[in-house]
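Summary of structural features
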Amino acid sequence: MSVILSARNLSRIYPARRGSITAVDLVSLDIQVGEFVAVCGRSGSGKSTLMAILGALARPDHGTLRLEGTDLLQLPHRKLANLRSHRMGFMLQTNSLLPGLTALDNAALPGLLAGKSHHHAYSRAQKLLTRLGMGERWDAFPHELSGGQQRRVSLARALQNEPALLLLDEPTSNLDPLAEEEILKVLQELRDERKLAIFAVTHGDQLASLADRV
Ligand code: ADP
Ligand code: MG
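Reference entry: report on the structure contained in this document.

So, about the overall build of the chain. Scanning the chain from terminus to terminus reveals seven helices and eight strands. Across the 214 residues in the chain, those meeting the buried criterion constitute 49%. In the chain, of all internal contacts separated by at least 6 residues, the share reaching a separation of at least 24 is 68%. Only carbon and sulfur atoms are counted for the fraction: they give 52% of the accessible area of the chain, which is about 11000 Å². If you average the places of the 25 positive and of the 22 negative side-chain charges in the chain, the two averages end up 7 Å apart.

This next bit is on the pairing of strand β7 (residues 165–169). Side-chain positions along a regular strand alternate between the two faces of the sheet. Counted residue by residue, β7 has five buried out of five residues, so it is predominantly covered. Going residue by residue along β7, you find Leu165, Leu167 and Asp169 tucked away on one face and Leu166 and Leu168 tucked away on the opposite face as well. As paired elements, strand β6 (residues 88–91) and β7 share four bridges and run parallel to each other. Its bridge partner being in β7, Phe90 is matched across the sheet by Leu167. The sheet contact formed by β7 and strand β8 (residues 197–202) spans five bridges and is parallel. When the bridges of β8 are listed, Leu168 appears paired with Ala200. You can see the chain leave β7, run along helix α6 (residues 177–193) and come back into β8, and the turn it takes is right-handed.

On to the coordination of the magnesium ion (ligand 2). All of the protein donors around the magnesium ion (ligand 2) are Ser48 (OG) and Gln93 (OE1); their distances to the metal are 2.1 to 2.4 Å. Here Ser48 is found in helix α1 (residues 47–54), whereas its partner Gln93 is found in the loop between β6 and α3 (103–113), with 45 residues between them in sequence.

We now examine the nonpolar core. In this structure, Leu129, Leu155, Leu166, Leu168, Leu187 and Leu190 are the most contacted members of the largest nonpolar core, which totals 38 residues. Broken down by secondary-structure element, the contributors of at least two residues to this core are β3 (36–40), α3, α4 (118–131), α5 (147–159), β7, α6, β8 and α7 (205–210). When residues of this core are assigned to their parent elements, the largest contribution, six residues, is made by α6. Setting aside anything within four residues of it in sequence, one finds Leu155 in contact with Met91, Leu132, Leu166, Leu168, Val186 and Leu187. In this structure, Leu10, Leu29, Phe90 and Phe199 belong to the second largest nonpolar core, which totals 26 residues.

Overall, antiparallel pairing links the four strands, which are arranged β2-β1-β4-β5 in an open sheet. Every other strand in the sheet has two partners, leaving β2 (20–32) and β5 (70–71) as the edge strands with one partner each. Pairing analysis gives nine bridges linking strand β1 (residues 3–15) to β2, with the strands arranged antiparallel. Residue pairing across strands places Ser6 opposite Asp30, the latter belonging to β2. In the packing of α1 onto the sheet, the strands contacted are β1, β2 and β4 (62–67), and the crossing angle to β1 comes to about 130 degrees.

Now for the layout of surface pockets. By volume, the largest pocket is sized at about 550 Å³. As for the largest pocket, its lining consists of 19 residues, of which Ser85, Met88, Phe90, Pro110 and Leu113 are closest to the centre. Elements with a minimum of two residues in the lining of the largest pocket: α2 (77–87), β6, α3 and α5. Tallied by class, residues from the lining of the largest pocket come to 12 nonpolar, five polar and two charged. Estimates place the volume of the second largest pocket at around 210 Å³. Lining the second largest pocket, in full, are Arg124, Leu128, Arg131, Leu159, Glu162, Pro163, Leu190, Glu193, Lys195 and Leu196. Secondary-structure elements contributing two or more residues to the lining of the second largest pocket are α4 and α6. Take the lining of the second largest pocket: its biggest share by element is three residues, from α4.

Glancing now at the sheet that holds β7. Spatially, four strands are ordered β3-β8-β7-β6 in an open sheet, and the strand pairing comes out parallel. Looking at which strands have only one partner, the edges of the open sheet turn out to be β3 and β6. Mean inter-strand twist for the sheet, computed between neighbouring axes without regard to direction, equals 10 degrees. When β3 meets β8, the two strands line up parallel, connected through five bridges. Among the inter-strand pairings, Cys40 is bridged to a residue of β8, identified as Thr202. The strands touched by α5 are β6 and β7; relative to β6, the strand with the most contacts, the crossing angle is about 165 degrees.

The rules behind the values
Residues numbered from 1 in each chain as written. Chains lettered and ligands numbered in written order. Predicted model: local features only at pLDDT ≥ 70, side-chain atom pairs only at ≥ 80, totals over all residues. Heavy atoms only, no water. Helix = DSSP H or I, 4+ residues; strand = E, 2+ residues; numbered from the N terminus. Buried < 20%, exposed > 50% of the residue type's maximum accessible area, 1.4 Å probe, protein only. Contact = heavy atoms within 4.5 Å. Areas by Shrake-Rupley, 256 points an atom, 1.4 Å probe, with all protein chains shown as cover. Lys, Arg positive; Asp, Glu negative; His and termini not counted. Charge placed at Lys NZ, Arg CZ, Asp CG, Glu CD. Pairing = 2+ DSSP bridges. Right-handed = clockwise from strand over helix to strand, strands pointing away. Donors = N, O, S within 2.8 Å, 3.2 Å for Na, K, Ca; no water. Core = buried A, V, L, I, M, F, W, Y, C linked by side-chain atoms within 4.5 Å. Axes fitted to C-alpha atoms, helices over the stretch in contact; angles between N-to-C directions. 1 Å grid on protein atoms, 1.4 Å probe; cavity = no way out; pocket = protein on both sides within 12 Å on 5 of 7 lines; lining within 4 Å. Points joined across faces, edges and corners; volume = space filled by probe spheres on them. Nonpolar A, V, L, I, M, F, W, Y, C, P; charged D, E, K, R; others polar.

Now the structure itself:
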């Protein structure tokens, strides 16, 4: 197997009014192509901070980070944004669907931003929504969807540009058991296909049980 993401000695220290908070403390980690890695921890243990750093959405105070051999912390802003858009897919902890766009538009957007044709981005968005059981609701706006349905649209959006690495921040939290089951089923399928690496942070056991490594 080959390494897709390699992190060494990552740290993030937030300044606070009284002292400082070490949210990520010297984390080193390799993720292999096709591997599913889960990180479990309680609320406040630094999971979201770690995920944001691994996805190059936030900068660490120390450490190095390479994606497919490229040093992400040395890349100019534009190149980094371009690489992120083409190679990584994100599902953040807070719902980040754009409220004024339909499910289909939300799922197509990363493709359009990455320079795909309208036809290509929209046909892939349609295909992904259908696969995630949201084909019938393509014209719904986020506020018209349940929490679980919004997650599935977010996942379709994350998969739009066929990422090599999918980063998920508590993708099953605050869902009813059925909605959780549906998301887990899709993640299980993605894992079994082994076409992308998955990094998920979670405080749930069920999601972690799908992972190759916890
Ligand atoms: P988790 O996702 O595991 O709940 P977080 O990464 O969100 O944890 O937070 C880790 C720690 O860092 C917590 O103690 C949190 O209060 C603190 N923290 C997170 N973001 C900030 C910030 N922007 N400024 C200061 N402290 C923060
Ligand atoms: Mg969090």
